[in-house]
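Residues per chain are reported as follows:
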Amino acid sequence: MKNLLITFEGIDGCGKSTQAVHLRNRLESMGIPVLLLREPGGTVIGEKIRSILLDRDHGEMAPATELFLYLAARAQITAERIVPALKSGTTVILDRFFDSTAAYQGYARGLGLDTVLEMNIVATGGVIPDQTFLFDCEVPLARSRLSSVTDRLESESDEFFERVREGFLRVSRQYPSRFFVLDASLSPEVLSDRVYSAVVSRLFS
Ligand code: TMP
């Protein structure tokens, strides 16, 4: 059996975090060593950066500041948690990774998809997911799933989220062998089964 780096991606409210927990629980119940982490976060430094990024009082944050903060959090979680876990044979599930930066900062904020993907290499040292699940759905459906108290990013406009969605779809077309695009309007049970069977077939291939 191999160990894998698996990432979950999609716009806010797409349901990926619930699915990441389902997958972690299902793998754990099979006795597979697994670690679930979220981005930005997953380390003491990363969680502090996360609170700067999501604070609604920081409405004046420049797009480049936002980009560098996401990259800084990523550099820390990669060095401190992801690489050591992968080396020890653990399967790592990430609730967001660098494709989010490509979609949100690269495409939706207009900093450039390819530029942002290149800059990510500095943060990750070249670590690339084995499999990326993109939970794709219409923006109104995702918005309807968000709680009424939104953070700085969640309180962006529908147009912003349309661009984020398009950014994700573009990256998925750029890297078809790594991406598995799922219709996030399907039931959580169906989605969980699809993710689980794709992961199990990779783990034992
Ligand atoms: P979360 O709500 O899925 O935990 O993610 C936090 C927010 O940060 C979410 O609105 C997406 C955003 N984000 C980016 O804009 N760029 C990134 O690189 C990452 C990882 C998240």
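Structure: see above.
The structure displayed is predicted, hence computed values, not measured ones.

Draft legend 1. A look at the overall build of the protein chain. When helices and strands are tallied, the protein chain shows 8 helices and 5 strands. Reading the secondary structure of the protein chain in the N-to-C direction produces β-α-β-α-α-β-α-α-β-α-α-β-α. Taking 2.2 N^0.38 as the reference for a compact globule, 205 residues should give roughly 17 Å; the C-alpha atoms of the protein chain span a radius of gyration of 16 Å, in line with that estimate. Viewed in the frame of its principal axes, the protein chain has a C-alpha envelope of about 45 × 35 × 30 Å.

Draft legend 2. Quick look at helix α5 (residues 113-124). Helix length check: α5 (12 residues) gives 16 Å between terminal C-alpha atoms against 16 Å at 1.5 Å per residue, within 8%. Each element contacted by the buried residues of α5 is listed here: α3 (63-87), α4 (98-108) and α7 (158-174). Note on α5: the residue one or two positions beyond its end, Gly-125, has a positive phi of about 65 degrees.

Draft legend 3. Geometry of the pairing of strand β3 (residues 91-95). Most of β3 sits out of view: 5 of its 5 residues are buried. Of the two faces of β3, the one carrying Thr-91, Ile-93 and Asp-95 and the one carrying Val-92 and Leu-94 are both buried. Sheet topology note: the strand β1 (residues 5-9)/β3 ladder contains 4 bridges and is parallel. Of the residues in β3, the one forming a bridge with Phe-8 is Asp-95. With 5 bridges joining them, strand β2 (residues 34-38) and β3 adopt parallel strand pairing. Bridging from a neighbouring strand, Arg-38 pairs with Asp-95 of β3.

Draft legend 4. Structural context of α4. Most of α4 is tucked away: 10 of the 11 residues are buried. All buried positions along α4 are accounted for by Phe-98, Asp-99, Ser-100, Thr-101, Ala-102, Ala-103, Tyr-104, Gln-105, Gly-106 and Ala-108. Those residues of α4 that are buried are in contact with β1, α3, α5, β4 (131-136), α7 and β5 (179-183). Immediately downstream of α4, the backbone of Gly-110 shows phi near 80 degrees, a positive value.

Draft legend 5. Quick look at the side chain of Thr-43. Considering the arrangement of structural elements, one finds Thr-43 in the loop between β2 and α2 (44-54). You can call Thr-43 buried: its relative accessible area is 5%.

Draft legend 6. Examining the sheet that holds β3 more closely. Spatially, β2-β3-β1-β4-β5 is the arrangement adopted by the 5 strands of the open sheet, whose pairing is parallel. The open sheet has two free edges, formed respectively by β2 and β5, since each of these has just one partner strand. This sheet shows a mean twist of 20 degrees between the axes of neighbouring strands, independent of strand direction. The strands that α7 touches are β1, β4 and β5; relative to β4, the one it contacts most, it runs at about 145 degrees. Against the sheet, helix α8 (residues 188-203) touches β1, β3, β4 and β5, its axis set at about 170 degrees to β4.

Draft legend 7. Examining unusual backbone geometry more closely. Going from Glu-39 to Pro-40, the amide bond is cis rather than trans, its omega being -10 degrees. Position of Pro-40 among the secondary structure elements: in the loop between β2 and α2. Even without glycine at this site, Arg-96 takes up a positive phi of about 85 degrees. Note that Arg-96 resides in the loop between β3 and α4.

Draft legend 8. Fine view of the site of the ligand. In the neighbourhood of the ligand, 14 residues make up the surrounding shell, with Asp-12, Tyr-70, Arg-96, Thr-101 and Gln-105 lying closest. Lys-16 is positioned such that a nitrogen or oxygen atom in its side chain is 3.0 Å from an oxygen atom of the ligand. The contact in question runs from a nitrogen atom of the ligand to an N or O atom on the side chain of Gln-105, over 2.8 Å. Where the shell around the ligand is concerned, the elements lending two or more residues are α2, α3 and α4. For the shell around the ligand, the element with the highest residue contribution is α4, accounting for 4 residues. When its residues are assigned to classes, the shell around the ligand shows 5 nonpolar, 3 polar and 6 charged.

The rules behind the values
Residues numbered from 1 in each chain as written. Predicted model: local features only at pLDDT ≥ 70, side-chain atom pairs only at ≥ 80, totals over all residues. Heavy atoms only, no water. Helix = DSSP H or I, 4+ residues; strand = E, 2+ residues; numbered from the N terminus. Rg over C-alpha atoms; globule rule 2.2 N^0.38 Å. Expected span 1.5 Å × (residues − 1). Contact = heavy atoms within 4.5 Å. Buried < 20%, exposed > 50% of the residue type's maximum accessible area, 1.4 Å probe, protein only. Pairing = 2+ DSSP bridges. Axes fitted to C-alpha atoms, helices over the stretch in contact; angles between N-to-C directions. Near = heavy atom within 4 Å. Polar contact = N/O pair within 3.5 Å; in protein donor to acceptor, adjacent residues only side chain to side chain. Nonpolar A, V, L, I, M, F, W, Y, C, P; charged D, E, K, R; others polar.

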